[in-house]
Amino acid sequence: MLQQISALAGIAQANDCEMAHVKAHGALYNQAAKERILADAIVRAVKRFDRELILYGLAGSQLIAAGLEAGLRWRARDSPTAPMKATAACAHGSCRGADR
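First, a word on scope: everything that follows refers to the structure included in this document.

What counts, and where the lines are drawn
Residues numbered from 1 in each chain as written. Predicted model: local features only at pLDDT ≥ 70, side-chain atom pairs only at ≥ 80, totals over all residues. Heavy atoms only, no water. Helix = DSSP H or I, 4+ residues; strand = E, 2+ residues; numbered from the N terminus. Expected span 1.5 Å × (residues − 1). Buried < 20%, exposed > 50% of the residue type's maximum accessible area, 1.4 Å probe, protein only. Arc of directions from axis to C-beta. Contact = heavy atoms within 4.5 Å. Core = buried A, V, L, I, M, F, W, Y, C linked by side-chain atoms within 4.5 Å. Salt bridge = Lys/Arg side-chain N within 4 Å of Asp/Glu carboxyl O.

## Regarding helix α1 (residues 2-14)
Compared with an ideal rise of 1.5 Å per residue, which puts 13 residues at 18 Å, α1 spans 18 Å between its outermost C-alpha atoms and is within 8% of the ideal. Taken together, the buried positions of α1 are occupied by I5, A9 and A12. Buried residues of α1 fall within an arc of 60° about the axis and therefore sit on the same side. Exposed side of α1, more than 90 degrees from the buried face: Q3, Q4, I11 and A14 are the residues found there. For α1, the elements touching its buried residues are β1 (17-18), β2 (21-22) and α3 (36-50). Within two residues after α1, D16 carries a phi angle of roughly 55°, on the positive side.

## Comments concerning the nonpolar core
Counting residues in each nonpolar core, the largest one holds 22 residues, and the members touching the most others are M19, I42, V43, V46, L55 and L63. Of all the elements, α3 adds the most residues to this core, at 5 residues. For I42, the contacting residues outside a window of four places in its chain are M1, A24, L28, A32, L55 and L63.

## Let's talk about the environment of I54
Within the secondary structure layout, I54 lies in strand β3 (residues 54-58). Classification of I54 by relative accessible area gives buried; the value is 11%. Residues I54 and R73 lie 19 residues apart in sequence; the distance between their C-alpha atoms is 5.0 Å. In contact with I54, not counting residues within four places along its chain, are A20, H21, V22, R73, W74 and R75.

## Re the pattern of salt bridges
Tallied over the entire structure, the rule returns 2 salt bridges. Between D40 and R36 there is a salt bridge, with the nearest N and O atoms lying 2.8 Å from each other. Pair noted here: D40 and R36 are both in helix α3, with a separation of 4 residues, about one helical turn. Take D40: its relative accessible area is 25%, and that puts it in the partly exposed class. For R36, a relative accessible area of 25% corresponds to the partly exposed category.

In structure tokens, the structure reads:
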């Protein structure tokens, strides 16, 4: 997980953007909502990389609980299909998707 976060940060930096949040994708997101061991692993990776990143997860999930206990900033959504706004911050204001 730490390698994936680092790789994504490198891509963002190469495009004059910086990461603002971390959200696991697909099955990993859904599994971390239910399994504390996986949630803890994701939280450890986020904390190790940058504890200022916002952790996204399902409301009431193991991932949000782990993030809370670790002192991370977090944002929850009510269901897997609920819309979420992107929080990417661009140095030059032209990153795709940063305004959605």
